[in-house]
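# Breakdown of the fold
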Amino acid sequence: MSTPAGRARPVAPAVLALRRLPNPRLTGIGGGLFAAAAMFVLACADRLLFDASAVVFGVLFLPVSALTAFWVRPADLVTAPISVPIAFAVGIIPISGGTGGFGGQMMAVVTALAVHAGWLYGGTLVAGLIATVRKVRLMRARQRRMLLAAQTSRAAGQPQSPRPAAQAPRPAGQAPRRRQR
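What comes next is a walk through the structure. Bear in mind that the values here come from a model prediction, so they are computed numbers and not experimental data. (Residues numbered from 1 in each chain as written. Predicted model: local features only at pLDDT ≥ 70, side-chain atom pairs only at ≥ 80, totals over all residues. Heavy atoms only, no water.)

## Topic: the nonpolar core
A general feature of soluble globular proteins is that nonpolar side chains tend to end up buried together. Formed by 24 residues in total, the largest nonpolar core has its most connected members in Met 39, Phe 57, Phe 88 and Ile 92. At the level of elements, helix H2 (28-50), helix H3 (54-71), helix H4 (80-92), helix H5 (101-115) and helix H6 (117-155) are the ones that each hand at least two residues to this core. Discounting residues that sit within four places of it in the chain, Ile 92 has contacts with Phe 57, Val 109, Ala 112, Leu 113 and His 116. (Core = buried A, V, L, I, M, F, W, Y, C linked by side-chain atoms within 4.5 Å. Buried < 20%, exposed > 50% of the residue type's maximum accessible area, 1.4 Å probe, protein only. Helix = DSSP H or I, 4+ residues; strand = E, 2+ residues; numbered from the N terminus. Contact = heavy atoms within 4.5 Å.)

## Here we look at the packing of aromatic side chains
All chains considered together, the criterion is met by three aromatic pairs. Ring geometry for Phe 57 against Phe 88: centres 5.2 Å apart, planes inclined by 50 degrees, an arrangement best described as tilted. Of the two residues, Phe 57 is situated in helix H3 and Phe 88 in helix H4; the sequence distance between them amounts to 31 residues. Of the two residues, Phe 57 and Phe 88, neither departs from the other in class, the shared state being buried. Given a relative accessible area of 1%, Phe 88 falls into the buried group. (Phe/Tyr/Trp six-rings, centres within 6.5 Å; stacked < 30°, edge-to-face > 60°.)

## Considerations on the pattern of salt bridges
Counted by the stated rule, this structure contains one salt bridge. Across the pair Arg 73 and Asp 76 runs a salt bridge, and its minimum N-O distance is 2.8 Å. Taking relative accessible area as the criterion, Arg 73 reaches 34% and is therefore assigned partly exposed. (Salt bridge = Lys/Arg side-chain N within 4 Å of Asp/Glu carboxyl O.)

Note that all results are geometric; they support no functional claim without further evidence.
Have a look at this one:
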């Protein structure tokens, strides 16, 4: 259905609420640091409030994964599904419950990672899906802009893409010319 010209389409209240949220654009490293710091703080709060509940930690990991994938810059989309599992590993340290020094703590972290791999895979899948959808939308928008520019240039009578002199066709058997500096 199309709306008549001059009439705006009504916006859903959920969309209006989402537009009010902050929209930072984090670099790949910034997204990883955000996720790791958020998971560490949430794990410490989980340890204090819920006696290191792995279910609470896993449930909190899913929105952190989604926010990381939403807030990373378009140029760094590939880093979101990579940094989220690292953040999970950083966050699980306070709730793993290891005793007996460094070796015991590391053994508890490895065990907790193995036991709670479902949450780890789920959050990574969430971040991967969001990053993939964002990338596909960016690629489609770019393709639409290029098609629109080509149609506009054709309508104006301009050549579609003028070739620079360096790329001009040359007779068969000739080597490309070197540019002098």
